[in-house]
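If you want the building blocks of each chain, they are given just below.
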Amino acid sequence: MRSTMQETPLGIPTLLRFASTVYSGSQVHTVTADGLRTASFAEVGARTAQLAHALHDDLGIRGDQRVATFMWNNQEHLEAYFAVPSMGAVLHTLNIRLYPDQVTYIANHAEDKVVLVDGSLIPLLARVLPGFETVEHVVVVGAGDPAPLEAAGKQIHRYEDLLAGKPTTYDWPEFVETDAAAMCYTSGTTGNPKGVVYSHRSIYLHSMQVAMPQSFQLTEANQVLTIVPMFHAMAWGIPYAALMSGASLVMPDRFLQAPALVRAINEAKADFAGAVPTIWADVLNHLDATGEKIPTLQRAVVGGSAVPPALMQAFEERYGMRIIHAWGMTETSPLGCVSQPPAGTEGELAWSYRVTQGRFPAGVQARLAGPDGSIVPNDGEAVGELEVRGPWIAASYYRGEDPERFRDGWLRTGDVGTITPDGFLTLTDREKDVIKSGGEWISSVELENHLMAHPAVAEATVVGVPDPRWQERPLAAVVLREGAGATPEELREYLSGLIPKWQLPERWTFLASVPKTSVGKFDKKEVRRAYAAGELEVTVL
Ligand code: AMP
């Protein structure tokens with residue numbers, strides 16, 4: 001029997017129409033050198049229509065052509081987030097922090113036609129633009145001398161000139177909810193980055209999940225500081241979820257250092273934020289060093305890599321801010337799970353849930369594949385590679401690349417861990433980062449979490465390095481806090497009370513900072529490379 005229900009498509013034009021009328025008074029604040037610049041959702045809606053007219057009439061965008069952004073988080077980037085998919089084209093967010101040849105590869109792979117670039121990023125784009133084979137137009141947002149772009153032979157426009165005088169409404173075309181709306185490439189630590197193509201439907205459903213109480217709990221009352229870049233996994237879906245829920249947005253643009261973030265939190269009275277752990281570690285150091293406070297900031301969702309429990313505790317005890325741990329990946333839109341403790345739990349028990357990667361929502365099914373590929377139980381004990389499926393999980397990569405990452409309709413995440421019967425995921429590692437010592441696995445994440453709880457340690461990463469006897473052994477790379485001192489012997493002694501003896505690292509090195517990837521994760525590949533090349537000063541105990 002067919003249902004008798006309507007099949008109105010789920011998608012971004014619906015969100016846009018809704019937000020710019022019903023929540024017309026909600027706001028988008030962009031941080032500038034001179035304070036906040038603010039626009040209402042109604043104004044953003046009108047400018048979104050103007051941008052769509054410009055892309056269609058002046059730049060000739062038709063059908064599902066790709067419009068790329070090379071931008072920070074700001075109001076204009078948000079306008080592109082809505083204009084491009086709503087007009088039927090595909091938004092492609094370029095990661096400005098990738099190596100030049102990777103950015104070029106991605107722009108060509110996606111066959112971008114137009115690039116919107118922030119004025120402050122012109123020098124960075126100029127290095128790669130000549131290699132962008134399919135791009136015809138570059139649109140400069142804000143001030144900035146476009147001269148460095150000219151050598152590439154593209155047509156150059158100014159964003160505000162294009163919008164000026166355009167109608168503030170647009171007759172958004174009919175769309176099919178499963179059509180492409182946006183694409184984002186994985187950050188690609190191995191091999192070429194892969195394209196993930198989100199549909200209108202997947203974005204709409206994902207936004208609902210993001211806003212839900214079990215996830216970020218967003219409402220019209222919130223002021224959301226979106227630190228996670230809009231070029232990294234669609235800023236965790238926060239921009240779309242904000243327009244769906246009426247939450248106001250605070251966009252930090254290029255002002256991403258801890259002092260500027262703290263200023264933005266206080267100026268905009270942000271009460272919710274999203275960023276990777278390394279950003280929060282910087283903010284914490286800054287607050288501790290200056291005595292500044294962040295009284296309005298009540299909650300922050302933190303993911304992208306494992307959040308050290310010590311960081312969660314420090315923010316909660318010293319600054320009254322609750323860190324909500326979450327797990328996801330570009331392939332999962334990215335919300336996979338969020339760590340809200342079960343109702344009725346408190347104290348130690350609640351903490352034991354909060355430090356996990358989170359609980360899967362109804363829209364994400366999860367299972368674990370053991371070493372031989374067979375499914376192991378979600379009993380909180382059995383360890384395996386996490387596989388997920390659901391309406392906002394990728395079914396393939398763009399152009400069908402890397403098909404082995406998918407099996408029987410499930411995405412193989414490459415993350416290893418356990419799942420409890422009540423749906424909480426604990427990751428012990430990436431498959432390629434797990435340390436295989438004498439046939440046993442050592443969790444690098446667990447070692448890192450313990451080390452980062454030591455008062456003298458600012459950051460620590462642990463990688464497996466070749467060992468003639470055990471195949472691999474852990475190398476601990478530690479960054480000490482300013483003015484603090486600790487020897488490898490002391491750190492090993494400290495760890496010996498916390499983990500089994502056979503897991504204690506023998507090899508220790510001290511670094512000025514842990515190398516980071518383009519999206520702020522510890523770059524373990526680089527640490528392994530530096531070790532292999534003999535570039536690290538290593539103490540062996
Ligand atoms: P990306 O696609 O760049 O967002 O990277 C996704 C990967 O980041 C996941 O597959 C995990 O390995 C890692 N990741 C994301 N969130 C977490 C988390 N909360 N804890 C540990 N690893 C995480």
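Note that this is a predicted model, so its numbers are computed, not measured. (Residues numbered from 1 in each chain as written. Predicted model: local features only at pLDDT ≥ 70, side-chain atom pairs only at ≥ 80, totals over all residues. Heavy atoms only, no water.)

### Details of the overall build of the protein
Piece 1. Looking only at helices and strands, the protein features 15 helices and 28 strands.
Piece 2. Radius of gyration (C-alpha) of the protein: 23 Å, near the 24 Å computed for a compact globule of 541 residues.
Piece 3. Its C-alpha atoms give the protein principal-axis dimensions of about 70 × 60 × 45 Å.
Piece 4. Taken across its 541 residues, the protein has 59% of its residues classed as buried.
Piece 5. When contacts within the protein are restricted to residue pairs at least 6 apart in sequence, those whose partners lie at least 24 apart make up 66%.
Piece 6. Side-chain charges in the protein split into 44 positive and 63 negative, and the spacing between the mean points of these groups amounts to 1 Å. (Helix = DSSP H or I, 4+ residues; strand = E, 2+ residues; numbered from the N terminus. Rg over C-alpha atoms; globule rule 2.2 N^0.38 Å. Buried < 20%, exposed > 50% of the residue type's maximum accessible area, 1.4 Å probe, protein only. Contact = heavy atoms within 4.5 Å. Lys, Arg positive; Asp, Glu negative; His and termini not counted. Charge placed at Lys NZ, Arg CZ, Asp CG, Glu CD.)

### What about the pattern of salt bridges?
Piece 1. Taken as a whole, this structure holds 27 salt bridges when the rule is applied.
Piece 2. A salt bridge links Arg 47 to Glu 76; the nearest nitrogen and oxygen atoms lie 3.7 Å apart. With Arg 47 in helix α2 (residues 41-58) and Glu 76 in helix α3 (residues 75-86), the pair connects residues that are 29 residues apart, well separated along the chain. Across the pair, Glu 76 and Arg 47 agree in class, each one buried.
Piece 3. Among the salt bridges present, the one from Glu 111 reaches Arg 66, with a minimum N-O distance of 3.5 Å. Here the residue Glu 111 occupies a position in the loop between α4 (100-110) and β5 (112-118), and Arg 66 occupies one in strand β3 (residues 66-70), the gap between them amounting to 45 residues.
Piece 4. The class of Glu 111 is partly exposed, set by a relative accessible area of 34%.
Piece 5. Arg 66 gets classed as buried once you look at its relative accessible area, which sits at 12%. (Salt bridge = Lys/Arg side-chain N within 4 Å of Asp/Glu carboxyl O.)

### As for the pairing of strand β12 (residues 272-275)
Piece 1. Neither face of β12 is exposed, since Phe 272 and Gly 274 on one face and Ala 273 and Ala 275 on the opposite face are all buried.
Piece 2. Sheet analysis places strand β10 (residues 223-226) next to β12, joined by three bridges and oriented parallel. In the strand pairing of β12, Thr 226 is matched with Gly 274.
Piece 3. Where β12 lies against strand β13 (residues 299-302), four bridges are found, and the strand directions are parallel. Among the inter-strand pairings, Phe 272 is bridged to a residue of β13, identified as Arg 299. (Pairing = 2+ DSSP bridges.)

### Considerations on the domain arrangement of the protein
The parts lose accessible area when they come together, and the size of an interface is often stated as this lost area.
Piece 1. According to the domain assignment, the protein consists of domain 1 (48-219 + 230-242), domain 2 (360-431) and domain 3 (433-540).
Piece 2. Taken together, the contact between domain 1 and domain 2 spans 17 residues of the former and nine residues of the latter.
Piece 3. Taking both sides of the interface into account, the surface hidden between domain 1 and domain 2 amounts to around 1,100 Å²; carbon and sulfur atoms contribute 63%.
Piece 4. If you sort the residues of domain 1 by the area they bury against domain 2, His 109, Lys 194 and Gln 209 come out on top, with a joint share of 44%.
Piece 5. The tally of links between domain 1 and domain 2 comes to two salt bridges.
Piece 6. When the shortest N-O distance is used, the salt bridge between Arg 399 and Glu 111 registers 3.5 Å.
Piece 7. For the pair domain 1 and domain 2, the interface holds five residue pairs in polar contact (both at pLDDT 80 or more).
Piece 8. Among the elements that line the side of domain 1 that touches domain 2, the one with the most residues is helix α7 (residues 200-211), at five residues.
Piece 9. Residues that form the side of domain 1 that touches domain 2 fall into these classes: seven nonpolar, six polar and four charged. (Domains from an automatic or database assignment. Buried area = accessible area lost by both parts, 1.4 Å probe. Polar contact = N/O pair within 3.5 Å; in protein donor to acceptor, adjacent residues only side chain to side chain. Nonpolar A, V, L, I, M, F, W, Y, C, P; charged D, E, K, R; others polar.)

### Details of the sheet that holds strand β4 (residues 90-93)
Piece 1. With respect to topology, seven strands assemble into an open sheet ordered β7-β6-β5-β3-β4-β8-β9, the strand pairing being mixed. In the strand order of this sheet, the two ends are held by β7 (155-158) and β9 (195-199), each with one partner. Each strand axis lies, on average, 25 degrees off the axis of its neighbour in the sheet, ignoring direction.
Piece 2. As judged from the four bridges shared by strand β6 (residues 137-141) and β7, these two strands associate in the parallel manner. Across the sheet, the residue bridging to Val 138 is Ile 156, located in β7.
Piece 3. Helix-sheet contacts for α7 involve β8 (180-185) and β9, and the interaxial angle to β9 is about 75 degrees. (Axes fitted to C-alpha atoms, helices over the stretch in contact; angles between N-to-C directions.)

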